[in-house]
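Residue-level listing of the chains:
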Amino acid sequence: MLNSAIKAILPLFTEHNRFVLSTHVNPDGDGLGSEIALAEWLQSKGKEVHILNHDAPPALYLFLDPHKVIQQYVHADHADMIAGTDVLVVLDTNHPGRLGSMEPAVTASRAVKVCIDHHLDPASFADHYVVDQEASSTGELVYRILTEADPPEAISPAIARALYCAIMTDTGSFRYSHVDPELHSIVGDLIARGADPGNIYREIYEQWSPGRIRLLGETLATLDLAYQGLLAHITIDQAMLRRTGTVESDTDNFTIYPMSIQGVEAGILFLELNDGVKMSLRSRAEIPMNELAKEFGGGGHRNAAGARMQNVGLESFKRDVLRAAGKYLQHEQRKQ
Ligand SMILES: [Mn+2]
């Protein structure tokens, strides 16, 4: 089914000339890497390509975009571009609501819309879907599209680097589910085509500011356990961000710390925002964190989900989430 979905979109890349690519708010390595890879490839075909995102990319990912192709969406400057483009490609999200301020323009555009993604429950807004919930990452899907369209030689070193970054970040450096022999052979091919694993690892994981390390220290001190040690949670409030001079994106991946505790099956990071609260949820095995996220207006994968809520206080939100989490851990509690 995936193959026929891929085949169905290939003619778009030859028939049309103008492309706009976008990904979700707070773009991550998978969204940005996938956009850049697809943009580089389309540009190599002589196409006009723009990448427009609600948020500017975190500084960490700027090395992927030396030609500064990625632009932050400004309605006054870019609404016409979205209205007038031939093809709109939405990557690494399957819901226009996740495009932030771009949602109205994308929804209203008469361009052919393509959604390339690996999350659950796609919304119906696109003309074409290349969606595989079993894929490790959107980067993996973009790799399949490019290699189906062209011989593998079409993957330039810049494309290989962007796709390697997408897959590495979305699989927690090749640790999570959906990492199988086939994915490793894709990754092997990307290395053969110029992705440098040591270099990309350093660019992504060894660029912390001193403030971010201090924020991690303060965050780890908030560690709390619930449900007989099955659930671990950490909390960041606005004062901690201010004290350490950090921002929301500095908290990325902090959920790995509660998840590294022996016996913990689910982990939550609570983050106080200016106007509400965000939570990042992680779990192992069958514990459906996407269901817990849904109760609070969010979503995601079974083992990695999240939600943002406006106009709620940190403490009451935490209380409600921790109470609601219990039923998803019941099966695990019985096993003990
Ligand atoms: Mn992804």
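All values reported here derive from a predicted model rather than from experimental measurement.

**Focus: unusual backbone geometry**
Moving on, step 1. Positive phi, close to 45 degrees, is recorded for N26, a residue that is not glycine.
Moving on, step 2. Inspection of the secondary structure puts N26 in the loop between β1 (18-23) and α2 (29-44).
Moving on, step 3. Note on N26: relative accessible area 33%, which makes it partly exposed.
Moving on, step 4. Although it is not a glycine, N311 sits at a positive phi angle of roughly 55 degrees.

**Looking at the domain arrangement of the protein**
Moving on, step 1. On domain assignment, one finds that the protein holds domain 1 (2-205) and domain 2 (210-335).
Moving on, step 2. The straight-line distance from the C-alpha centre of domain 1 to that of domain 2 is 27 Å.
Moving on, step 3. Domain 1 puts nine residues into the contact, and the matching count from domain 2 is nine residues.
Moving on, step 4. For the pair domain 1 and domain 2, the summed buried area comes to about 670 Å², and 46% of that belongs to carbon and sulfur atoms.

**Some details on the environment of R202**
Moving on, step 1. Its place among the elements puts R202 in helix α8 (residues 197-205).
Moving on, step 2. Judged by relative accessible area, which is 43%, R202 ranks as partly exposed.
Moving on, step 3. Here the alpha-carbon distance between R202 and M289, two residues 87 residues apart in the chain, equals 30 Å.

**Regarding the coordination of the manganese ion**
Six octahedrally arranged donors around a metal ideally form angles of 90 or 180 degrees; four tetrahedrally arranged donors ideally form angles of 109.5 degrees.
Moving on, step 1. Ligation of the manganese ion by protein atoms is provided by D30 (OD), D92 (OD), H118 (NE2) and D170 (OD), these donors lying 2.1 to 2.3 Å from the ion.
Moving on, step 2. When the donors of the manganese ion are listed by position in the chain, the intervening gaps give D-x61-D-x25-H-x51-D. Here D92, found in the loop between β4 (87-91) and α4 (103-108), pairs with D170, found in helix α6 (residues 157-170); they are 78 residues apart in sequence, far enough to count as distant.
Moving on, step 3. Among the residues examined, D92 registers a relative accessible area of 2% and is labelled buried.
Moving on, step 4. Accessibility expressed as a relative area gives 22% for D170, which makes it partly exposed.

**With respect to the pairing of strand β8 (residues 231-236)**
Moving on, step 1. Within β8, six of the six residues are buried, leaving the element largely enclosed by the surrounding structure.
Moving on, step 2. Bridge count for strand β7 (residues 224-226) against β8 is three bridges, and the pairing is antiparallel. Bridge assignment links D224 to a residue of β8, and that residue is H233.
Moving on, step 3. In this antiparallel pair of consecutive strands, β7 and β8, the connection spans four residues, and Y227 shows a positive phi of 50 degrees.
Moving on, step 4. Sheet topology places β8 next to strand β9 (residues 266-273); six bridges connect them, and they run parallel. Within β9, the position partnered with H233 by the bridge is I268.

About the criteria used
Going along each chain's sequence as written, the residues are numbered from 1 onward. Whole-chain, interface and lining totals are the exception, using all residues; otherwise, since this is a predicted model, local features are given only for residues with pLDDT of at least 70 and side-chain atom pairs are given and counted only at 80 or more. Water and hydrogen atoms play no part in the side-chain values, which are based on all heavy atoms of the structure. Strands here are runs of E lasting at least two residues and helices are runs of H or I lasting at least four, both read from the DSSP assignment and numbered beginning at the N terminus. Accessibility here uses a 1.4 Å probe with only protein chains present; expressed as a share of the type maximum, an area under 20% marks a residue as buried, one over 50% as exposed, and anything in between as partly exposed. The domain limits used here are those given by an automatic or database domain assignment. Any two residues having at least one pair of non-hydrogen atoms within 4.5 Å are treated as being in contact. Put simply, buried area is the surface a 1.4 Å probe can reach on two separate parts but cannot reach once they are joined, added for both. Only nitrogen, oxygen and sulfur atoms qualify as donors, provided they sit within 2.8 Å of the metal or within 3.2 Å for Na, K and Ca; with water excluded from the atoms, sites may seem incomplete. One requirement defines pairing of two strands: DSSP has to find at least two bridges between them.

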